[in-house]
Amino acid sequence: MFRPVALVLCLAAVGRAEVHPMTLRQAVALALKQNPEIELARLDEESARHAVRIARDPFLPHVTVGSGLAYTNGFPMSVEGSAPAVFQARASQYLFNRPQSYAVAQAKESARGAAMDVANKRDEIAYRTASLYLDAERSTRVAELARKEAESLQKVLDAVRAQVAEGRALPLVEKQAAFTLARARQIVENLEIEEAGDETSLAVAVGLSAADRVHPVIGERPAPSLPASEEAALQTALESSHELRKLQSQIAAKGLEIRGEKAARLPRADLIAQYGLFSKFNNYDLYFAKFERNNGEVGVSFQVPLFAPGVSSQLEQTSTEVSHLRLELANARNRVSADLQQSFRDVKKAQTGAEVARLDLDVAREQLSVYLAQMEEGRVTLRQVEEARIAESDKWIAFYDAQYALEKARWSVLRLTGELVGSIEALP
């Protein structure tokens, strides 16, 4: 999804791009640190933690202070439900409120689900970065091979021109060689553009500017280790899947919501307290037998719901949502299982392809060695040797493609088993 946009941006900013050489481990570590999608997931997690504190807030003392100053003519009447007072304070707190208690538990479960989202996003970004890194590394190697192939074709063209000048070759052969060289140079140019686009896409994935580029550090890496068996990998994948754990968390949260809705029929108790500083200017001493300047009360307010017609409908709606989530969970389990099986098939297919590409490359290298020996004996021409080099270069490209396909397939398996980040962090 990054490549088309990144390519356009790269071409526009190529003059001021900054190149950052990185290994695979460094690129993934930087992406996990500053990729904006992970930051957004972390912000959602932080918002979920704030929701827990908000839900718990009614169980903490709420104290308000103020004044109910008023001029009284005749009998002192209430000011907003309270007697006129110079100073007044009120306090309230939930003592027993089961719906709100379940709301707190539901908010905690939602916060746990948000943490699963962060972990899932980390795995997604790590795999995306690793894939883009492999693409950029392949582009770098293939572009270098294409440049060497163009150099060989230039030598072939020089040899053909010499033969034409000596009358040992037709001018048509020279034109064919020139065309082949021009096509090779066009391929080099296209590969260099693709290389720049891949490096820009990688820079965006690790959280850098689109004007920057991340250049892979070419080197040998140990092959990612896979689980001992497909069955063990499937068990690990089902246990560690952040997607499945998120759905399980959502089901648990909905279960708490159902319990909270059922608890709406239970009584509630609130702690209440009030203090008021009264003044004789409000005629208290004229209408009451005794005047008391400092007045206060502490007590418990009880509420017993008698008729709650909407609870049944809410329960039915929430139960339907739970059923929907359970179906999603079952489908997600099947999808994880199918994806893992396909990933193992891809690994096996890529292993076979890599072995065939290696054998094909060995043949091409051996053929080139034979031609080099024969050229020293004068049995083959420079043109034949350079053509053998071109063939070897093509086999190297096929070999690299097979190797990268195999490595990407292995990373896909580790992504599903939840071991991707740890395996990349263990790289040198």
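Data block above holds the structure.
From a predicted model like this one, the values you see are computed outputs, not experimental measurements. (Residues numbered from 1 in each chain as written. Predicted model: local features only at pLDDT ≥ 70, side-chain atom pairs only at ≥ 80, totals over all residues. Heavy atoms only, no water.)

Asks: Teacher, can you tell me more about the packing of helix α9 (residues 311-376) against helix α10 (residues 382-417) here?
Replies: Two quantities define a packed helix pair, namely the angle between the helix axes and the distance between the axes. At a minimum axis distance of 8 Å, the contact between α9 and α10 shows a crossing angle of 160°. Judged by the angle between their axes, α9 and α10 are roughly antiparallel. The interaxial crossing formed by α9 with α10 has left-handed handedness. Among the residues forming the contact of α9 with α10, the class breakdown is 24 nonpolar, seven polar and nine charged. (Axes fitted to C-alpha atoms, helices over the stretch in contact; angles between N-to-C directions. Helix = DSSP H or I, 4+ residues; strand = E, 2+ residues; numbered from the N terminus. Parallel < 35°, antiparallel > 145°, perpendicular 65-115°, else oblique. Left-handed = near helix turned anticlockwise from the far one by under 90°. Nonpolar A, V, L, I, M, F, W, Y, C, P; charged D, E, K, R; others polar.)

Asks: Can you walk me through the packing of aromatic side chains in this structure?
Replies: How two aromatic rings sit relative to each other is given by the distance of their centres and the angle of their planes. Tallied over the entire structure, the rule returns five aromatic pairs. When the centroid spacing of 5.8 Å and the interplanar angle of 85° are considered together, the rings of W396 and F399 count as edge-to-face. Highlighted residues: W396 and F399, both in helix α10, separated by three residues, approximately one helical turn. Put simply, the rings of W396, F399 and Y400 pair up and form one aromatic cluster. Against the face of Y102 rests R98, its NZ or CZ located 4.9 Å from the ring centre. When the ring centre of Y127 is taken as reference, the NZ or CZ atom of R415 above it lies at 4.7 Å. (Phe/Tyr/Trp six-rings, centres within 6.5 Å; stacked < 30°, edge-to-face > 60°. Lys NZ or Arg CZ within 6 Å of the ring centre and 35° of its normal.)

Asks: Would you mind going over the pattern of salt bridges with me for this structure?
Replies: Close approach of charged atoms allows side chains of opposite charge to pair. Within the structure shown, the criterion is met by 23 salt bridges. R128 is the salt-bridge partner of E124, the closest N and O atoms lying 2.8 Å from each other. Taken together, the positions of E124 and R128, both in helix α4 (residues 98-165) and four residues apart, correspond to about one turn of that helix. Taking the relative accessible area as the measure of exposure, E124 reaches 32% and is therefore partly exposed. A residue is classified by how much of its surface remains accessible, and R128, at 14% relative accessible area, is buried. Between D360 and K395 there is a salt bridge, and its shortest N-O distance comes to 3.0 Å. Within this pair, whereas D360 is found in helix α9, its partner K395 is found in helix α10, the two being separated by 35 residues in sequence. A single network of salt bridges, built from pairs that share partners, joins E37, K121, E124 and R128. (Salt bridge = Lys/Arg side-chain N within 4 Å of Asp/Glu carboxyl O. Buried < 20%, exposed > 50% of the residue type's maximum accessible area, 1.4 Å probe, protein only.)

Asks: Is there a simple way to think about the sheet that holds strand β3 (residues 85-96) in this case?
Replies: Pairing within the open sheet is antiparallel, and its four strands lie in the order β2-β3-β5-β6. Edge positions in the open sheet fall to β2 (62-68) and β6 (294-303), since each of these has one partner strand only. Averaged over neighbouring strand pairs, the angle between their axes works out to 15° when direction is ignored. Taken together, the ten bridges between strand β5 (residues 268-277) and β6 define a ladder with antiparallel strand orientation. The residue of β6 that forms the bridge with A273 is V298. (Pairing = 2+ DSSP bridges.)

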